[in-house]
Amino acid sequence: PFNHKEPGSILWAARMIDWKHPELVVKTASYLKEHLEENTFHITMIGGGELEEETHRLAEELGVTDVITFPGFQGPEEVRAAMEKSEIYLVTSDRKEGWGAVVNEAMYTEKGRAWWLTPVIPALWEAEAGGSRGQEIETILANTVKPRLY
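Think of each chain on its own: its residues are numbered from 1, step by step along the sequence as written. For this predicted model, a pLDDT threshold of at least 70 governs which residues receive local features, and a threshold of 80 or more governs which side-chain atom pairs are given and counted, while totals over whole chains, interfaces and linings are taken from all residues. Each side-chain value is worked out from all heavy atoms of the structure, with water and hydrogens disregarded.

What to know about the sheet that holds strand β1 (residues 9-13)
Then step 1. Spatially, β3-β2-β1-β4 is the arrangement adopted by the four strands of the open sheet, whose pairing is parallel. One side of each edge strand has no neighbouring strand; the edge strands of this open sheet are β3 (68-72) and β4 (88-89).
Then step 2. Here the rule is simple: two strands pair whenever DSSP picks up at least two bridges between them. Helix and strand assignments follow DSSP, with helices taken as H or I runs no shorter than four residues and strands as E runs no shorter than two, numbered in order from the N terminus. Inspection of the sheet shows strand β2 (residues 42-46) paired to β3 by three bridges, in the parallel sense. Residue pairing in the sheet places I46 in a bridge with G72 of β3.
Then step 3. In this analysis, two residues are considered to be in contact whenever any of their non-hydrogen atoms come within 4.5 Å of each other. Helix axes are fitted only over the stretch in contact, all axes being lines through C-alpha atoms; the angle between N-to-C directions runs from 0 to 180 degrees. Sitting on the sheet, helix α3 (residues 76-85) touches β1, β2 and β4, and the angle it makes with β1 is about 150 degrees.

What to know about the pattern of salt bridges
Then step 1. We count a salt bridge whenever a side-chain nitrogen from Lys or Arg sits within 4 Å of a carboxyl oxygen from Asp or Glu. Taken as a whole, this structure holds two salt bridges when the rule is applied.
Then step 2. Ionic pairing is found between E6 and K85, a salt bridge with its closest N-O pair at 3.7 Å. With a gap of 79 residues between them, E6 in the segment before β1 and K85 in helix α3 connect regions that are remote in the sequence.
Then step 3. Residue class for E6 comes out partly exposed when judged on its relative accessible area of 38%.
Then step 4. With a 1.4 Å probe rolled over the protein chains alone, any residue whose accessible area is under 20% of its type maximum counts as buried; one over 50% counts as exposed, and the rest are partly exposed. Among the residues examined, K85 registers a relative accessible area of 40% and is labelled partly exposed.

Quick word on the confidence of the model for the protein
Then step 1. The predicted model of the protein has a mean per-residue pLDDT of 76, with 61% of residues at 70 or higher.
Then step 2. At the level of individual helices and strands, the protein shows its lowest average pLDDT in helix α5 (residues 120-128), which scores 47, and its highest in helix α2 (residues 52-61), which scores 98.
Then step 3. Each residue carries a pLDDT value, the predictor's own confidence for that position, ranging from 0 to 100. Contacts from residues 114-130, a stretch scored under 50 in pLDDT, to residues over four places away or in other chains number 42 contacts.

Structural notes on the packing of helix α1 (residues 22-35) against α2
Helix-helix packing is characterised by the crossing angle of the two axes and by the distance between the axes.
Then step 1. Close contact between α1 and α2 brings their axes to 10 Å; oriented N to C, the two are set at 15 degrees. Accordingly, the angle class assigned to the pair α1 and α2 is roughly parallel. For the pair α1 and α2, the crossing hand works out as right-handed. Judged by residue contacts, P22, E23, V26 and K27 of α1 engage T55, L58 and A59 from α2.
Then step 2. For the contact of α1 with α2, the residue count by class is four nonpolar, one polar and two charged. An angle below 35 degrees is read as roughly parallel, one above 145 as roughly antiparallel, one from 65 to 115 as roughly perpendicular, and any other as oblique. We call a crossing left-handed when the near helix sits turned anticlockwise from the far one by less than a right angle, and right-handed when that turn is clockwise. All amino acids are sorted into three groups, where Ala, Val, Leu, Ile, Met, Phe, Trp, Tyr, Cys and Pro are nonpolar, Asp, Glu, Lys and Arg are charged, and the leftover types, Gly among them, are polar.

Thoughts on the side chain of T92
Then step 1. Counting through the fold element by element, T92 comes out in the loop between β4 and α4 (101-108).
Then step 2. Residue classification places T92 among the buried positions, given a relative accessible area of 1%.
Then step 3. Whenever two N or O atoms come within 3.5 Å, that pair is a polar contact, provided that in protein one can donate a hydrogen and the other can accept it, and provided that, for residues adjacent in sequence, both atoms are side-chain atoms. Side chain to side chain, T92 and W12 meet in a polar contact 3.0 Å long.
Then step 4. Here K20 takes part through its backbone oxygen, which lies 2.6 Å from a polar atom of the side chain of T92.

Looking at α1
Then step 1. Counted at 1.5 Å a residue, the expected span for α1 with its 14 residues is 20 Å, and the 20 Å between its end C-alpha atoms agrees.
Then step 2. Every buried residue of α1 is listed here: P22, L24, V25, V26, T28, A29, S30, Y31 and L32. One less than the residue count of a helix, multiplied by 1.5 Å, gives the span that helix is expected to have.

Section: the pairing of β2
Then step 1. The pairing of β1 with β2 spans five bridges and is classified as parallel. Within the sheet, the bridge partner assigned to W12 lies in β2 and is M45.
Then step 2. Assignment of crossover handedness uses the view with strands pointing away from the viewer, where a clockwise path from the first strand over the helix to the second indicates a right-handed crossover. Between the parallel pair β1 and β2, the chain is carried across by α1, and the sense of this crossover is right-handed.

The structure is reproduced here in structure tokens:
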């Protein structure tokens, strides 16, 4: 049923603002690139905003521009098309949004599914509150995504 998905495709679509944490996606790409035996993934980061240039710079600094595409802001039809093709949809917001509408949209795609990365969100909340897991966020996110690439 998921045969129209692009193998290893990961999508993130949001405004590039502080509480949406686009940097976590870039750091996850770096971790996966370093820890996978071969690069079996590609991340598309749809969106724009005040952290767009900083996010691009971080991708260059971490050497992951070969595994991340930044198409910029896209309309709803383009985002839906990207969701249709993606195997994994990342949500990295730390605003305690719970079950956001964007997760429903990702799961509603005709041949779609979305992995709800529950271990990541509580770690973000704890880090925001000064908790000890703050340094582990990228590792938690990457280790949640990694098994879904095989």
